[in-house]
Amino acid sequence: LGDVLVEMRIAWRTKVEKAALQANGKRIGEALLTTGTLTEADLYLGLAAQHNLKAGRVEELLKEVDPDITRIVSRGFLERHRVLPLRKRDGRILVATTDPDAPLVDLGKALGTPVDLILVNPTDYRRLWASLDLLAQAKDHPHIAMVTAPVETDLLARHDVDARCVALFENLLLDAVGERASDVHLEHYGTRVRVRLRVDGDLHDVARMSTWTVEELIGVINVIKVASGLDIAERRLPQGGRFRRHAGSQIYDLRVQTQPTLHGEHVVLRLLPQEHRLLTVEDLGFTTTVANAYRRTLESPAGLVLVVGPTGSGKTTTLYAALQILARDHSRKVLTVEDPIEYSIDNIQQSQTKSEIGFGFAAAMRAFVREDPDVILVGEIRDAETALEAIRASQTGHVVLSTLHCNDSTDAVQRLLDLGMHSNSVASELLSVFAQRLARRICPGCRREATPEPAILKELFPAGAPKDFVCFVGAGCERCGGHGTFGRIAVVEHLLTGPTI
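Residues numbered from 1 in each chain as written. Predicted model: local features only at pLDDT ≥ 70, side-chain atom pairs only at ≥ 80, totals over all residues. Heavy atoms only, no water.

## A few points about the sheet that holds strand S3 (residues 92–97)
Piece 1. With mixed pairing, the 4 strands of this open sheet are ordered in space as S1-S4-S3-S2. The strands lining the two open edges of the sheet, one partner per strand, are strand S1 (54–55) and strand S2 (83–89).
Piece 2. As paired strands, S1 and strand S4 (residues 115–119) are joined by 2 bridges and run parallel to one another. The partner of Lys54 across the bridge, within S4, is Ile118.
Piece 3. This element, helix H7 (residues 104–111), spans S2, S3 and S4 of the sheet and lies at about 120° to S4. (Pairing = 2+ DSSP bridges. Helix = DSSP H or I, 4+ residues; strand = E, 2+ residues; numbered from the N terminus. Contact = heavy atoms within 4.5 Å. Axes fitted to C-alpha atoms, helices over the stretch in contact; angles between N-to-C directions.)

Pasting the structure below:
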C-alpha cells in the first residue's frame with residue numbers, strides 16, 4: 001500500500017517509511033492516518049488502486065442511485081457488512097463498500113444477482129446512506145414538492161423545525177466534511193435555493209442541493225439557529241453563534257453568522273475540526289529561511305511579533321504552530337487571550353474574551369503582565385487600546401504574538417502608526433512581521449506540463465523566462481474532484497526590523 005500511495009503521488013516515500021517504522025503493530029494505512037500524513041479520502045484512493053477497485057465519488061454516484069435497491073435485503077445485513085447497493089444495470093448491481101475485501105460471492109447470493117464493487121471512504125459511505133434516506137423520505141411523502149410561488153413573510157412565521165429538516169442539515173454537514181469544505185453558504189433568491197461550499201479558498205455550488213425548496217432551506221436555517229442558541233423569530237438583524245457537532249469521525253466547532261437580505265435570511269457556517277492535527281512549522285510550507293527566522297523570533301527575550309494578512313489567510317494556524325513550539329519549552333510560561341479559542345493546546349494557559357463583562361483583549365493584557373508570563377498571545381490587535389497594551393507588554397520584557405488585518409508586512413508598520421503608536425515605540429519593540437496568503441496547490445496526482453499565457457509570462461519575466469522554466473496545471477482526477485487543485489500552501493513575506501526600518 002505504501003508503494004501504491006507513493007506511485008500515485010499521494011504521499012512522500014520518506015513519510016511512508018517513517019510511518020512504517022513507527023507503526024507499532026498497526027497497518028501502514030492506520031499509521032499514516034495517525035501521523036497526519038494522509039487524509040481518510042487519500043487512504044481509500046490508495047486502497048482502491050491496490051485492490052484494483054474503482055474509487056467512488058458521492059456526487060457522481062447519487063446521480064443514478066435507486067433507493068428501492070437498498071430494500072432488497074435487510075438494513076442490518078448491509079450495515080454489518082458495510083455495503084450499500086446503489087443501482088442495477090445489465091443484470092448486475094453496483095455496490096458501494098468501505099471494505100476492499102468485501103465477500104463478493106456472499107453479496108451476490110444475498111442480492112440474488114452478480115455485483116460490482118466500488119470503494120468509498122467511511123465518511124462518504126455515511127453521506128450515501130444519509131442521501132438515500134432523504135430520497136426514500138421524499139418518495140414516501142410526495143407532498144414535499146417544489147415551491148413555485150414567491151415566498152411570503154407569513155411562511156417564515158408558520159414554518160416549524162421538523163425531522164426532515166434536521167436530516168437535511170446532517171446530510172449537508174456530512175457533504176461539507178467529505179468535500180473538505182471550510183465554509184458553507186446557504187442562500188436563496190426568490191424561489192431559487194443556492195448552497196455553496198468553500199474548498200481550498202474557492203466557492204463551489206452543490207448542484208444536488210439546488211433542488212431544495214425554499215421551505216426546506218428555511219427549515220434547515222431554523223435547525224442551525226436552534227442548535228446555536230439564536231433567536232428564530234429575529235430575522236431583521238444579523239446574528240452570530242456557535243455549536244458543536246459530530247460529523248464523520250470528528251467533532252466540529254461550527255461558527256454561525258446570519259444575514260438578512262432582500263429575499264430572506266442567508267447563513268454562513270464555518271467548520272473547524274476539533275480533533276484535527278495541528279500543523280507544525282514544518283507543515284506550513286514555509287521556506288527553510290523563513291521557518292528558521294520564525295523559530296529564532298520565538299526565542300527572543302522580548303518584543304512584538306505580528307502575523308498579518310486578510311481574513312482566512314491562515315494567520316491563526318501560523319500562531320498555533322508557534323504555540324506548539326512554546327508548549328515544549330518548560331522554562332517559559334505562555335498565556336493567550338483569544339476570540340474564540342479554536343484549539344486547545346496542553347501546557348498553554350488559554351483564555352476566552354467575554355465582551356459582555358468587559359473582558360476584552362486590552363483588559364486581558366493588563367491582567368496578564370501581573371501574572372509573570374514570558375510569552376503573551378493576543379488574538380488580534382483591533383484597536384488603539386489593544387495595540388498600546390501590546391507595546392507596553394513587549395517593553396516590560398515579554399514576547400507578544402498577535403495578528404493584524406493588513407495587506408503586506410510593511411503595511412503592518414503603518415497600521416500601528418495609524419492606531420496612534422509612537423514611531424519610536426514601534427521601532428524599538430517590533431521584532432518582525434510575517435505576512436501571508438494561502439495559494440492553492442496543483443493536485444500532484446493529475447499534474448501535467450502546460451503552456452502558460454504569454455501575457456502572464458511576460459509580466460513575471462519581463463526580460464524573458466529562464467530556459468529551464470516549466471509550467472504545470474492540474475488536469476482533474478478522483479482525488480481533487482476534477483478541480484485540478486488539492487490543498488493550499490502558505491506564501492509568506494518576512495520583514496525583519498532593523499536600524500534601516
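## Examining helix H14 (residues 361–368)
Piece 1. The complete set of buried residues in H14 reads Phe361, Ala362, Ala364, Met365 and Phe368. Summarising the axial view, the buried residues of H14 lie within an arc of 160°, below the 170-degree limit, and thus occupy one face.
Piece 2. For H14, the elements touching its buried residues are strand S12 (334–338), strand S13 (349–352), strand S14 (375–378), helix H15 (384–395) and strand S15 (399–404). (Buried < 20%, exposed > 50% of the residue type's maximum accessible area, 1.4 Å probe, protein only. Arc of directions from axis to C-beta.)

## Describing the environment of Arg366
Piece 1. Topologically, Arg366 is positioned in helix H14.
Piece 2. For Arg366 and Thr213, which are 153 residues apart along the polypeptide, the C-alpha to C-alpha distance reads 52 Å.
Piece 3. When near neighbours in sequence (up to four residues on either side) are disregarded, Arg366 contacts Glu385 and Glu389.
Piece 4. A polar side-chain atom of Arg366 sits 3.4 Å from a polar atom in the side chain of Glu389. (Polar contact = N/O pair within 3.5 Å; in protein donor to acceptor, adjacent residues only side chain to side chain.)

## Remarks on the packing of helix H12 (residues 288–298) against helix H13 (residues 315–327)
Piece 1. The interhelical angle for the contact between H12 and H13, taken along N-to-C directions, is 55°, at an axis separation of 11 Å. If you check the angle between H12 and H13, you find them oblique. Here H12 runs over H13; the crossing is right-handed. Packed against H12, whose contacting residues are Tyr294, Arg295 and Leu298, the element H13 presents Thr318, Leu319, Ala322, Ile325 and Leu326 at the interface.
Piece 2. Within the contact of H12 with H13, the residues separate by chemical class into 6 nonpolar, 1 polar and 1 charged. (Parallel < 35°, antiparallel > 145°, perpendicular 65-115°, else oblique. Left-handed = near helix turned anticlockwise from the far one by under 90°. Nonpolar A, V, L, I, M, F, W, Y, C, P; charged D, E, K, R; others polar.)

## Structural notes on the side chain of Thr97
Piece 1. The topology assignment puts Thr97 in strand S3.
Piece 2. There is a polar contact of 2.9 Å between the side chain of Thr97 and the backbone oxygen of Arg82.
Piece 3. In this structure the side chain of Thr97 is engaged in a polar contact, spanning 3.0 Å, whose partner is the backbone nitrogen of Asp99.
Piece 4. When near neighbours in sequence (up to four residues on either side) are disregarded, Thr97 contacts His81, Arg82, Val83, Ala102, Leu117, Ile118, Leu119 and Val120.

## Topic: unusual backbone geometry
Piece 1. The amide bond that connects Asp339 to the next residue, Pro340, takes the cis arrangement and shows omega of 0°.
Piece 2. Turning to its location among the elements, Pro340 is positioned in the loop between S12 and S13.
Piece 3. With phi around 65°, Arg9 is a residue other than glycine that occupies positive phi space.
Piece 4. Of the residues examined, Arg9 reaches a relative accessible area of 46% and is grouped as partly exposed.
Piece 5. The backbone phi angle of Asn52 is positive, close to 55°, even though this residue is not glycine.
Piece 6. By the secondary structure assignment, Asn52 is in the loop between helix H4 (40–50) and S1.
Piece 7. Given a relative accessible area of 74%, Asn52 falls into the exposed group.

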